[in-house]
Amino acid sequence: MMIAVAALGVLNTVVQDTRERIHDLGIFKALGMTPKQTIAMVLTSVSLTGLIAGLIGVPIGMAVEKVTLTQMGSAIGRNLPSSVTHVYTPGILLPLLAGGIAIALLGALLPAGWAARSRTATALRTE
């Protein structure tokens with residue numbers, strides 16, 4: 001559910017960004033940009049944002065989980081073992097960071113397709 005909400009947030013942002021840049025995309029298309037290149041350009045523009053979101057979100061998520069588990073353990077009067085509280089290994093962190101990029105690309109697919117299908121003349125008339 002969280003991935004769907006995040007992808008919809010990215011979708012909203014990319015739709016607004018693409019609509020703001022539609023005139024520029026029209027110029028690029030008039031100069032010979034192919035639909036695949038247009039899709040690649042839109043997807044590339046959100047990749048950095050997804051990476052930054054992953055770099056910010058993963059440490060925050062780890063901190064929230066640590067605080068939550070500590071409070072849950074104290075609420076039942078027990079100290080939770082490290083096998084419960086220390087679940088993040090370096091092998092898990094990399095896919096979590098890549099998840100930010102994957103969510104960004106997933107949310108940007110629809111606007112990228114829309115930008116690739118837009119007619120050049122229509123895009124040039126839009127301001």
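Residues numbered from 1 in each chain as written. Predicted model: local features only at pLDDT ≥ 70, side-chain atom pairs only at ≥ 80, totals over all residues. Heavy atoms only, no water.

### Some remarks on the overall build of the protein chain
Counted only if it meets this: Numbered from the N terminus, helices here are DSSP runs of H or I no shorter than four residues, and strands are runs of E no shorter than two. The size measure is the radius of gyration over C-alpha atoms, and the globule rule it meets is 2.2 Å times the number of residues to the 0.38 power. Think of it in three bands: residues with accessible area under 20% of the maximum for their type are buried, residues over 50% are exposed, and the middle band is partly exposed, with areas taken using a 1.4 Å probe on protein chains only.
The number of helices and strands found in the protein chain is 6 helices and 0 strands. When the helices and strands of the protein chain are read in sequence order from the N terminus, they spell out α-α-α-α-α-α. In summary, the protein chain has a C-alpha radius of gyration of 21 Å against a globular reference of 14 Å for 127 residues, an excess of more than 25%. Counting over 127 residues, the protein chain shows a buried share of 22%.

### A few points about the side chain of Thr18
What counts, and what does not: Two residues qualify as a contact provided that any one of their heavy atoms is within 4.5 Å of a heavy atom in the partner residue.
Within the secondary structure, Thr18 sits in helix α1 (residues 2-20). Using a relative accessible area of 0% as the deciding quantity, one classes Thr18 as buried. Not counting chain neighbours up to four residues away, the residues in contact with Thr18 comprise Leu25, Val42, Pro111, Trp114 and Ala115.

### Looking at the pattern of salt bridges
To keep it simple, the criterion reads: Counted as salt bridges are all cases of a side-chain nitrogen of Lys or Arg within 4 Å of a carboxyl oxygen of Asp or Glu.
All chains considered together, the criterion is met by 1 salt bridge. Taking the shortest distance from any N to any O, the salt bridge between Arg21 and Asp17 comes out at 3.4 Å. The partly exposed category is assigned to Arg21, whose relative accessible area is 23%.

### Here we look at the nonpolar core
Our working definition: By convention a nonpolar core is built from buried Ala, Val, Leu, Ile, Met, Phe, Trp, Tyr and Cys residues, the set being connected through side-chain atoms within 4.5 Å.
Among the nonpolar cores identified, the biggest contains 12 residues, and these are Val10, Val14, Ile22, Leu25, Val42, Leu43, Val46, Ala104, Ala108, Ala112, Ala115 and Ala123. Counting only elements with at least two residues in this core, the list comes to α1, α2 (22-30), α3 (35-75) and α5 (90-117). A total of 4 residues in this core trace back to one element, the largest contributor, which is α5. Those residues within four positions of Ala123 in sequence are excluded, and the remaining contacts are Ile22, His23 and Gly26.

### With respect to α3
Note the following rule: One less than the residue count of a helix, multiplied by 1.5 Å, gives the span that helix is expected to have.
Between its terminal C-alpha atoms α3 stretches 57 Å, which fits the 60 Å expected from 41 residues at 1.5 Å a residue. Next to the buried residues of α3 lie α1, α2, α4 (82-85) and α5. In the stretch just after α3, Gly77 is the one whose phi turns positive, near 75°.

### What to know about the packing of α2 against α5
We apply this condition: Every axis corresponds to a line fitted to the C-alpha atoms, with the helix fit spanning only the stretch in contact, and the corresponding angles, defined between N-to-C directions, vary from 0 to 180 degrees. Small angles under 35 degrees read as roughly parallel and large ones over 145 as roughly antiparallel, with 65 to 115 read as roughly perpendicular and the rest as oblique. Put simply, a crossing is left-handed when the front helix is turned counterclockwise from the back one by less than a right angle, and right-handed when it is turned clockwise. Only Asp, Glu, Lys and Arg are considered charged in this grouping, and only Ala, Val, Leu, Ile, Met, Phe, Trp, Tyr, Cys and Pro are considered nonpolar; every other residue, Gly among them, is considered polar.
Taken N-terminus to C-terminus, the directions of α2 and α5 make an angle of 50°; their axes are 10 Å apart at the nearest point. With respect to α5, the axis of α2 lies oblique. Crossing angle aside, the handedness with which α2 passes α5 is right-handed. Contact residues: α2 offers Ile22, Leu25 and Lys29, while α5 offers Trp114, Ala115, Ala116 and Arg117. Among the residues making up the contact of α2 with α5, the classes are represented as 5 nonpolar, no polar and 2 charged.

### Some thoughts on a nonpolar patch on the surface
Definition in use: Exposure above 30% relative accessible area and the lack of any salt bridge qualify a residue for a patch; like charges then connect within 9 Å, and the nonpolar side chains Val, Leu, Ile, Met, Phe, Trp and Tyr within 5 Å. Residue exposure ignores everything except the shown protein chains as possible cover, and the areas themselves are Shrake-Rupley values with a 1.4 Å probe.
Nonpolar side chains collect at one region of the surface, where Leu48, Leu51, Ile52, Leu55, Ile56, Ile60 and Val64 lie side by side and expose about 640 Å² of accessible area between them. Position of Ile56 relative to the elements: it lies in helix α3.

### Re the confidence of the model for the protein chain
Under the convention used in this document: Every residue gets a pLDDT, meaning the predictor's confidence in that residue, from 0 to 100.
Confidence along the protein chain averages 85 in pLDDT terms, with 99% of residues attaining 70 or more. Element-level mean pLDDT values for the protein chain span from 77 in α4 up to 88 in α3.

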